[in-house]
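# Structure at a glance
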Amino acid sequence: MSNADVHVPDYPFRNPTALEPPEEWARLREQCPVAPIRLPSGDRALLLTRYDDVRQVLSDPRFTRDLDAPDAAQVTANESGGVFGGMSSMSSENHKAWRQLIGRTFTAKRVSAMQPRIEAMTGHLAGEMVKQGAPADLVSSLGFPLPVWVICDLLGVPDSDRDKFAYWSDTMLSLTRFTQDEIDAAQADFESYLRAHVEAKRAEPGDDLISELISIVGALDGRLTEQLMIGTAKGLLVAGHETTANMIGKMVAMLLADRTRWERLLADRALIRTAVEESLRFDANPGFGMPRYLSEEVEVGGERLPAGTTVVCSMASANRDERQFADADAMVLDRRPNTHVAFGAGPHSCIGQALARTELQTVLEVLLDRLPTLRLAEPAEALARREGLVVGGLSRVPVTW
């Protein structure tokens, strides 16, 4: 290891506790907003921690998702199931066409129509948790079952397959948890499952996203391949399952860590919407961030970055930037405006964000109604993180009432 490498920190950074941000964020925002880091693979990249820089990069088409380029930094020592790949090499023109296509099916109207079913399932899961008695683990009782049920409902797959989906999803998000053989086998199984599912929906369409995509793809005369449709299903599973599931646990833990927050929501349900947005902004345990590959020289944060550079955008650090947010290190439940970048920015911002917001708001509404006395069953600083995955999250959120 060279002397220069000695001073390059390993990334991702560790949080002091599950709900506190890594100490490095504030220091880097002040002193080194474009900072060299060492990835889990051992490769070097640059970390962006300021709001304006992160937003610039995520919105600039010269920063691509072409992480398979020969000189791109490899994130992990093995190839995960494709959370950073998949549609990463799609041209910007094809990506725009894909977004328009998905936008025609994954509409606000569809999400709105799902809300009553989401509320009913949330109520059912909360009821089962109450029936089994306190203390309970909010993550396994509600956080994970709800989003996987929602995404199965959206894609038209039986939720009886949710355990398989959870495992496949984990392998797609692996930093260090799984071996390459485990990842390859899981992804082969997942691909076979989705191909069979697409064939079944082609033969017998239903009122679901895959059936609608199939009808549109057929009308497009092959412009969107079946492989891309399967990639879409995989992407929606990861986005709709892991990230939202983790956020449910983190959001409730944040609101209960200082119980005056929960009590404010009990007193004023009009705060639910802004409290969800503030939970997304305040999240100190979001996982890896968003890597980008630079196709030509660009200036960021006062530095000229050469073509071939790989950067990692820390949206969570950006969301704590005092230059953008007053009292950035305080959880302000009625914060307005709240221009956080938890869902990214620009042409690659999360296409499922309306669905995620609906789930998070519904969870809060149901829990406030059904379990107003909800509280953490152990100190917030004792909560354990999930390790070895691209996404952050809490392994358990013990609660009582």
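The coordinates are above.
Residues numbered from 1 in each chain as written. Predicted model: local features only at pLDDT ≥ 70, side-chain atom pairs only at ≥ 80, totals over all residues. Heavy atoms only, no water.

### Observations regarding the sheet that holds strand β10 (residues 398–400)
One key point about sheets: their strands pair by backbone hydrogen bonds, in either a parallel or an antiparallel sense. Spatial strand order, β4-β10-β9: three strands in an open sheet with antiparallel pairing. Edge positions in the sheet fall to β4 (136–137) and β9 (375–376), since each of these pairs with one other strand and no more. As paired strands, β4 and β10 are joined by two bridges and run antiparallel to one another. Within the sheet, the bridge partner assigned to Asp137 lies in β10 and is Pro398. (Pairing = 2+ DSSP bridges. Helix = DSSP H or I, 4+ residues; strand = E, 2+ residues; numbered from the N terminus.)

### A few points about the pairing of strand β2 (residues 44–48)
Along any regular strand the residues' side chains alternate between the sheet's two faces. Here β2 lies mainly inside the structure; four of its five residues are buried. Taken together, strand β1 (residues 34–38) and the strand that follows it, β2, pair antiparallel across an intervening segment of five residues, in which Gly42 is found at a positive phi of about 100°. As paired elements, β2 and strand β8 (residues 310–313) share three bridges and run parallel to each other. When the bridges of β8 are listed, Leu47 appears paired with Val312. (Buried < 20%, exposed > 50% of the residue type's maximum accessible area, 1.4 Å probe, protein only.)

### A word on the side chain of Arg386
Within the secondary structure, Arg386 sits in the loop between β9 and β10. Of the residues examined, Arg386 reaches a relative accessible area of 10% and is grouped as buried. Within the local environment of Arg386, its side chain forms a polar contact with the side chain of Asn246, the two groups lying 3.4 Å apart. In contact with Arg386, not counting residues within four places along its chain, are Phe144, Asp170, Arg177, Glu242, Asn246, Val391, Gly392, Gly393, Leu394 and Ser395. (Polar contact = N/O pair within 3.5 Å; in protein donor to acceptor, adjacent residues only side chain to side chain. Contact = heavy atoms within 4.5 Å.)

### Concerning helix α3 (residues 51–59)
Every buried residue of α3 is accounted for by Tyr51, Asp53, Val54, Val57 and Leu58. Down the axis of α3, the sector holding all buried residues measures 170°, keeping them to one side. Buried residues along α3 sit in contact with β2, β3 (63–64), β5 (290–294), β6 (298–300), β8 and α14 (315–318). (Arc of directions from axis to C-beta.)

### A few points about the pattern of salt bridges
All told, the structure shown has 21 salt bridges when counted by the stated rule. The partner of Arg62 in a salt bridge is Asp60, with the nearest N and O atoms 2.9 Å apart. For Arg62, a relative accessible area of 32% corresponds to the partly exposed category. The exposure class of Asp60 is buried, given its relative accessible area of 10%. Here Arg110 ties to Glu212 by a salt bridge, and the two come within 2.2 Å at their closest N and O atoms. Taken together, the residues Arg110 in helix α5 (residues 108–132) and Glu212 in helix α10 (residues 209–219) connect sequence positions 102 residues apart. Via salt bridges that share partners, Glu30, Asp321 and Arg323 belong to a single interconnected network. (Salt bridge = Lys/Arg side-chain N within 4 Å of Asp/Glu carboxyl O.)

### Some thoughts on helix α2 (residues 23–31)
Within α2 the residues assigned to the buried category are Trp25, Leu28 and Arg29. All buried residues of α2 fall inside an arc of 100° around its axis, so they share one side. Relative to its buried face, α2 has exposed residues pointing more than 90 degrees away, namely Glu23, Glu30 and Gln31. Of the surrounding elements, those touching the buried residues of α2 are β1, β2 and α14.

### Focus on the nonpolar core
Leu146, Met251, Leu364 and Leu367 are the most contacted members of the largest nonpolar core, which has 79 residues in total. Here this core takes 14 residues from helix α11 (residues 226–257), the largest share from any one element. If we skip the residues at most four places from it in the chain, Leu364 touches Met251, Leu255, Trp262, Leu265, Ile272, Ala275 and Val276. (Core = buried A, V, L, I, M, F, W, Y, C linked by side-chain atoms within 4.5 Å.)

### Focus on the packing of aromatic side chains
Taken as a whole and judged by the stated rule, the model has nine aromatic pairs. An angle of 75° between the planes, with centres 5.3 Å apart, marks the rings of Tyr11 and Phe288 as edge-to-face. One end of the pair, Tyr11, is in the loop between α1 (3–6) and α2; the other, Phe288, is in the loop between α13 (272–282) and β5, with 277 residues separating them in the sequence. The class of Phe288 is buried, set by a relative accessible area of 1%. Both rings, one in Trp168 and one in Phe190, keep their centres 4.8 Å apart while their planes meet at 15°; by these two values the pair is stacked. One end of the pair, Trp168, is in helix α8 (residues 162–172); the other, Phe190, is in helix α9 (residues 180–203), with 22 residues separating them in the sequence. Residues Trp168 and Phe190 agree in their burial class; the two are buried. (Phe/Tyr/Trp six-rings, centres within 6.5 Å; stacked < 30°, edge-to-face > 60°.)

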